[in-house]
Amino acid sequence: DIQRCEATTLWDGSTSYSRKTQDNRLVNPQGNPLCFKWQRPNGCHAGNHEFHHECSGCGSKDHGAQNCPRGEK
């Protein structure tokens, strides 16, 4: 469950692209909030909200964390 995950590294030991804030928001290295829904297998189809569609693991805008090629297999 990505909302409960506190890991700072990926399964292979590499550093995660994103981090959690004290108020439990997922943010990119610039501090911009990431979309939790985008991280799930079906993604997010809303394009008009403040949350960025970037993979929390690698930063790609092509997929979310659940579909990341760097994710644990």
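Up top is the structure these notes are about.
Model, not experiment: these values are computed from the prediction. (Residues numbered from 1 in each chain as written. Predicted model: local features only at pLDDT ≥ 70, side-chain atom pairs only at ≥ 80, totals over all residues. Heavy atoms only, no water.)

**Details of the overall build of the protein chain**
Check the secondary structure of the protein chain and you find 1 helix and 2 strands. Shown N-terminal to C-terminal, the secondary structure of the protein chain runs as helices and strands in the order β-β-α. Viewed in the frame of its principal axes, the protein chain has a C-alpha envelope of about 35 × 25 × 20 Å. Here the protein chain holds 73 residues, and the buried ones make up 32% of them. The contacts in the protein chain between residues at least 6 apart in sequence include a share of 33% that link residues at least 24 apart. Per element, the accessible surface of the protein chain, about 5000 Å² overall, is 46% carbon and sulfur. The distance from the centre of the 9 positive side-chain charges to the centre of the 8 negative ones in the protein chain is 3 Å. (Helix = DSSP H or I, 4+ residues; strand = E, 2+ residues; numbered from the N terminus. Buried < 20%, exposed > 50% of the residue type's maximum accessible area, 1.4 Å probe, protein only. Contact = heavy atoms within 4.5 Å. Areas by Shrake-Rupley, 256 points an atom, 1.4 Å probe, with all protein chains shown as cover. Lys, Arg positive; Asp, Glu negative; His and termini not counted. Charge placed at Lys NZ, Arg CZ, Asp CG, Glu CD.)

**Things to note about the environment of Pro29**
For Pro29, the position within the fold is in the loop between β2 (26-27) and α1 (36-39). You can call Pro29 exposed: its relative accessible area is 52%. Sequence spacing of Pro29 and Gly59 is 30 residues, and the spatial spacing of their C-alpha atoms is 9.3 Å.

**Here we look at the side chain of Ser60**
Here Ser60 lies in the segment after α1. Here the side chain of Ser60 touches Asp62 through a polar contact of 3.0 Å, landing on its backbone nitrogen. Residues in contact with Ser60, not counting those within four places in the same chain, are Trp38, His53, Glu54 and Cys55. (Polar contact = N/O pair within 3.5 Å; in protein donor to acceptor, adjacent residues only side chain to side chain.)

**Observations regarding the state of the cysteines**
Per the stated rule, a full pass over the model turns up 0 disulfides. Residue Cys55 stays outside any disulfide, its sulfur separated by 3.8 Å from that of Cys68, the closest cysteine. Just so you know, Cys58 is unpaired, no disulfide at all, and the nearest cysteine sulfur is the one on Cys68, 3.8 Å from it. Judged by relative accessible area, which is 26%, Cys58 ranks as partly exposed. (Disulfide = S-S within 2.5 Å.)

**Points about the side chain of Asn28**
Structurally, Asn28 is set in the loop between β2 and α1. By relative accessible area, Asn28 is classed as buried at 1%. A polar contact is formed between the side chain of Asn28 and the backbone nitrogen of Gln30, at a distance of 3.0 Å. Beyond its immediate stretch of four places on either side in the chain, Asn28 contacts Tyr17, Leu34 and Glu54.

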